[in-house]
Each structure stands twice: as C-alpha cells, then as structure tokens.
There are 2 protein chains.
Amino acid sequence: MADLNKLLTPLFLNEVEIRKIIELLFFSYRDFTEGPDKVLEKINFGRAHHRVIYFVGKQKNLTIKELLSILKITKQSLSRVLNQLVNEKYIILSVGEDKRTKKLILSKKGQELERRLSEIQIKKIRNVLLKFNEMDINGFKKILYEMVDVKNKEKFDEINR
Amino acid sequence: MADLNKLLTPLFLNEVEIRKIIELLFFSYRDFTEGPDKVLEKINFGRAHHRVIYFVGKQKNLTIKELLSILKITKQSLSRVLNQLVNEKYIILSVGEDKRTKKLILSKKGQELERRLSEIQIKKIRNVLLKFNEMDINGFKKILYEMVDVKNKEKFDEINR
DNA sequence: ATAATTAAGTCAATATGGCTGACCTAAATA
DNA sequence: TATTTAGGTCAGCCATATTGACTTAATTAT
C-alpha cells in the first residue's frame, strides 16, 4: 500500500524542497556576511566587532548586560571585542544611572564604521527586494520571523519597539 | 527642500525595515544551527562536520575538489574535519575513475548521523512553513535564492540538478 | 546596618574553524 | 617528457567561542 501521508504532502513540504531551503540559508548567510567581513579584515576586526557596533548603534544607552542578552555570548567573549572597540575609540563607555551599569554609545568614528559596514548589507537587501512585489516580501519577512525561536522573537520585538 | 527620493521610498525599502531583516537573518540563522550544534557537541564534532556530512550525503560520489568548491574553505581546513569523519567511519573514501580523485560516501553510521542532524532542521522548517500559504512560501524561497551571489546560485543549481 | 544580589571585569585554559605558506606524491594531459 | 591537476601534510597563526574561578563596587533585601 502506498504511503498516503507522503502522497498528501504538499510540494513545498517535501523533504527535497526543504533541503533546498537549508542550502539556501547556508549560501545566503555566507554571502550576506562576506562584504562586511572583507572591510573588517583590513582594520583587524572580525564579524563579532560588527555585531557589537551594530547593536550599540541601534540601541542608545545600551548596557553590557543588555548587549550580552542580544548577542548570547559570554561576557568573556564580549570583553575582548568590546575592549578593542573602546581602546580604538569606536565605542564610548559612560556610567549609567544605576552606577553599576555602563552605557555604550558609538563615537563619530564608530558611527562611520557602522554605516560603512551596514550599508553593504542594506544595499544588498534593497537590491534584492526591488525585484519583488510586496506579497513576496511579506512572505519573506513573516517566515524569517517565524524561523526565530520564541525567546529571541521577544528580544527582536524588544529592540524594535 | 525635502528629499523626494526618501519620501518616495516604499515602506519595505525603508532602512528601518531593512535593518529588521538584517536582525532577523542573524537571529534566525543562529537558532537554525543551534539544534544540530548541540547534538554534534556530544560527539566532539562541530558545525563544520555537519556541513561535510550534509553535502556528502546529498551528492553521491562527491570528490574532494567538488566538496571544496561548495564549502569554499581551504583543503587544509577541510582535511582536519574530513580525516576525523573518515577515521571514525562516518565517511568512506574510494578511488575515482580518474585515479587522482577520491569518491566520498556516507557509511551507514554516517547516514544515521546525517539524518539525525538534518531532521532537526527539516522539522523546524516544516513546522514554520505549515503556518503559511503557498504565496508566502514562494516569496520566501525566491528572495532567499536572490540573496545568494551569482556564483553560488550556479553552485546551488548544480547540486540540485 | 548588614547580608545578599547584581553588573561588570579579569585571568587562565581550552576548543573549533578558519587562514597562509611550503612542500610532496601520483596520475592525467599537453 | 613536461606540465598540470587532485589530493595530502606539516607548521604556525588568528578569531571566536567556551568554562571556571575570582574580584570590585553598587544596589537591594532582610
């Protein structure tokens, strides 16, 4: 007897089709990070520096704790990267209202680097989206959002409030 | 004078919206790799091992050269990972028709690991896609494909021929 | 007022996954 | 026969992450 479940699986839920998505995620993410990576390399920084600069630029008066909760890395990992960014004056630290905390902001230099790096990715995405209609784009956004785990959806919502 | 270009930018091409996509790509990719990573850790493997197993499983009689052209890493980087997989009998090497080349195939053990790892990602994607209609899914796939650089699109097409 | 918790920082060791450069062998091709 | 190709290996380096242990200063709870 034929496997009715299999016969009834819609085309887009076929394993073959889903594996294509797995591969596209791998290829697209790699290509997506390639541009900034090349720029960062020239100044002896890595992708981790971009992430820090990105979220510090996004969120004004971000604290270390909040940054750690976005990046989900240990403070020891963050510290190396952050110390470099502070030493080289891309990021400025100041004491928060709660004096145990620190506020992080981008310096002019930091803002310029942030712009330079993110612009590559923004342009890439904009050029892609221009080829599609609003329906396709909505599908893309909604599904991408749904690919994020519940806890991180909350984090995403929080930083985009 | 107001910047007409900015006023005319459709909502979905706004920088704010595009930055959301940047963040969703970061969060979703991280969550996407988390499941297999945990399984791999238990057997002292990493994400690189998964990639190798994935593509060896996909393409029968893959050669080292072809694998390198998919992964885009150096042969020295591949060698460490691949040697472990061969030593621990997940992958079997044999001589190709061109006797300089080697064919890579998954052993039973390798197939089982491949299944276990990819199943996590397949289920995750399937559960997500189930919530959407075909139009949304098409938008997602098409845009993801368009996010891949031209050269890698060719590679993707090649392995899905 | 004191104790407990929190935010941040630091030191040390370890793993993974990349890289470059140099060099080798064997087989296929020009 | 000479050159190119596929694959392998040694050595060293770098970036990014981890765990564990411990410190300081400030806030909060008892």
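Here is a short report on the structure shown in this document.

Criteria and cut-off values
- Residues numbered from 1 in each chain as written.
- Chains lettered and ligands numbered in written order.
- Predicted model: local features only at pLDDT ≥ 70, side-chain atom pairs only at ≥ 80, totals over all residues.
- Heavy atoms only, no water.
- Near = heavy atom within 4 Å.
- Polar contact = N/O pair within 3.5 Å; in protein donor to acceptor, adjacent residues only side chain to side chain.
- Helix = DSSP H or I, 4+ residues; strand = E, 2+ residues; numbered from the N terminus.
- Nonpolar A, V, L, I, M, F, W, Y, C, P; charged D, E, K, R; others polar.
- Contact = heavy atoms within 4.5 Å.
- Buried area = accessible area lost by both parts, 1.4 Å probe.
- Salt bridge = Lys/Arg side-chain N within 4 Å of Asp/Glu carboxyl O.
- Core = buried A, V, L, I, M, F, W, Y, C linked by side-chain atoms within 4.5 Å.
- Buried < 20%, exposed > 50% of the residue type's maximum accessible area, 1.4 Å probe, protein only.
- Axes fitted to C-alpha atoms, helices over the stretch in contact; angles between N-to-C directions.
- Parallel < 35°, antiparallel > 145°, perpendicular 65-115°, else oblique.
- Left-handed = near helix turned anticlockwise from the far one by under 90°.
- Least-squares fit on C-alpha atoms with pLDDT ≥ 70 in both.
- Phe/Tyr/Trp six-rings, centres within 6.5 Å; stacked < 30°, edge-to-face > 60°.
- Lys NZ or Arg CZ within 6 Å of the ring centre and 35° of its normal.

The next subject is the protein's contact with DNA strand C. Residues in close proximity to DNA strand C total 24 residues, the closest being Lys-65, Lys-75 and Lys-102 of chain A together with Arg-47 and Thr-74 of chain B. In DNA strand C, the atoms that sit within 4 Å of the protein are 62% sugar and phosphate, with bases accounting for the remainder. Lys-102 of chain A has a polar side-chain atom sitting 2.7 Å from a phosphate oxygen of DNA strand C. One of the side-chain N or O atoms of Arg-51 of chain B is found 2.9 Å from a phosphate oxygen in DNA strand C. Element by element, the count of residues in the surface near DNA strand C is highest for helix 3 (residues 47-58) of chain B, at four residues. When grouped by side-chain class, the residues that make up the surface near DNA strand C number three nonpolar, ten polar and eleven charged.

This part is about the protein's contact with DNA strand D. Lining the immediate environment of DNA strand D, one finds 24 residues, of which Gln-76 and Ser-77 of chain A together with Lys-65, Lys-75 and Lys-102 of chain B sit closest. Here, DNA strand D places atoms within 4 Å of the protein, and 63% of those atoms are sugar or phosphate. Contact between DNA strand D and Arg-47 of chain A: a phosphate oxygen at 2.9 Å from a main-chain N or O atom of the residue. In the model, a phosphate oxygen of DNA strand D is placed 2.8 Å from a nitrogen or oxygen of the Ser-77 of chain A side chain. Elements represented by at least two residues in the surface near DNA strand D include exactly helix 3 (47-58) and helix 5 (75-87) of chain A together with helix 4 (64-71) and helix 5 (75-87) of chain B. Here the surface near DNA strand D is built from residues that sort into three nonpolar, nine polar and twelve charged.

A separate point is the interface of chain A and chain B. Tallying the contact residues gives 61 residues for chain A and 61 residues for chain B. Around 6800 Å² of area is buried between chain A and chain B when both sides are counted, 71% of it from carbon and sulfur atoms. Counting across the chain A and chain B interface gives 14 salt bridges. Across the pair Glu-114 of chain A and Arg-19 of chain B runs a salt bridge whose closest N-O atoms are separated by 3.0 Å. Remark: the boundary between chain A and chain B carries 30 residue pairs in polar contact (both at pLDDT 80 or more).

A few words on the nonpolar core. Val-52, Phe-55 and Ile-125 of chain A together with Val-52, Phe-55 and Ile-125 of chain B are the most contacted members of the largest nonpolar core, which totals 94 residues. Once you skip the residues sitting within four places of it in the chain, Ile-125 of chain B turns out to touch Ile-18, Ile-21, Ile-22, Leu-25 and Met-147 of chain A together with Phe-32 of chain B.

Residues and elements named next belong to chain B. It is the contact of helix 3 with helix 4, at a shortest axis distance of 11 Å, that shows an interaxial angle of 120 degrees. By the angle between their directions, the pair helix 3 and helix 4 is classed as oblique. Of the two elements, helix 3 crosses helix 4, and the hand of that crossing is right-handed. Together, Arg-51, Val-52, Phe-55 and Val-56 of helix 3 and Leu-67, Ile-70 and Leu-71 of helix 4 make up the contact between the two elements.

Residue and element names in this part refer to chain B. Structurally, Arg-161 can be placed in the segment after helix 8 (150-159). Taking the relative accessible area as the measure of exposure, Arg-161 reaches 78% and is therefore exposed. Spatially, the C-alpha atoms of Arg-161 and Phe-55 are 14 Å apart, while their sequence positions differ by 106 residues.

Attention now moves to the pattern of salt bridges. Going through the model one piece at a time under the given rule, you end up with 32 salt bridges over all chains. The residue Glu-34 of chain A makes a salt bridge to Lys-38 of chain A at a minimum N-O spacing of 3.2 Å. Note that Glu-34 of chain A and Lys-38 of chain A are positioned in helix 2 (residues 15-42) at a spacing of four residues, about one turn of the helix. According to the relative accessible area criterion, Glu-34 of chain A is partly exposed, its value standing at 33%. Between Glu-119 of chain A and Arg-115 of chain A there is a salt bridge; the shortest N-O distance is 2.6 Å. Of this pair, Glu-119 of chain A and Arg-115 of chain A both sit in helix 6 (residues 108-129), four residues apart, which is roughly one turn of the helix. Where salt bridges share partners, they join Glu-15 and Arg-19 of chain A together with Glu-114, Arg-115 and Glu-119 of chain B into one cluster.

For the rest of this paragraph, the subject is the relation of the copies chain A and chain B. Mapping chain A onto chain B leaves a residual RMSD of 0.0 Å; the transformation is a rotation of 180 degrees accompanied by 0.0 Å of translation along its axis. Seen this way, the second copy is the image of the first under a two-fold rotation axis. The rotation axis passes nearest to the C-alpha of Phe-140 of chain A in chain A, at a distance of 2.0 Å. Same-surface contact between copies: 100% of interface residues of chain A are shared with the interface of chain B.

Moving on, we get to the packing of aromatic side chains. Summed over the entire model, instances satisfying the criterion amount to 16 aromatic pairs over all chains. Aromatic side chains Phe-26 of chain A and Phe-27 of chain A sit 5.4 Å apart centroid to centroid with 40 degrees between the ring planes, which places their arrangement in the tilted category. No difference in accessibility class separates Phe-26 of chain A from Phe-27 of chain A, as the two residues are buried. Here a set of aromatic residues connected by ring pairs shows up, and it is made of Phe-26 and Phe-27 of chain A together with Tyr-54 and Phe-55 of chain B. One Lys or Arg, Lys-109 of chain A, reaches over the ring of Tyr-90 of chain A and ends 4.4 Å from the middle of that ring.

Function cannot be read off these values alone, since they describe shape.
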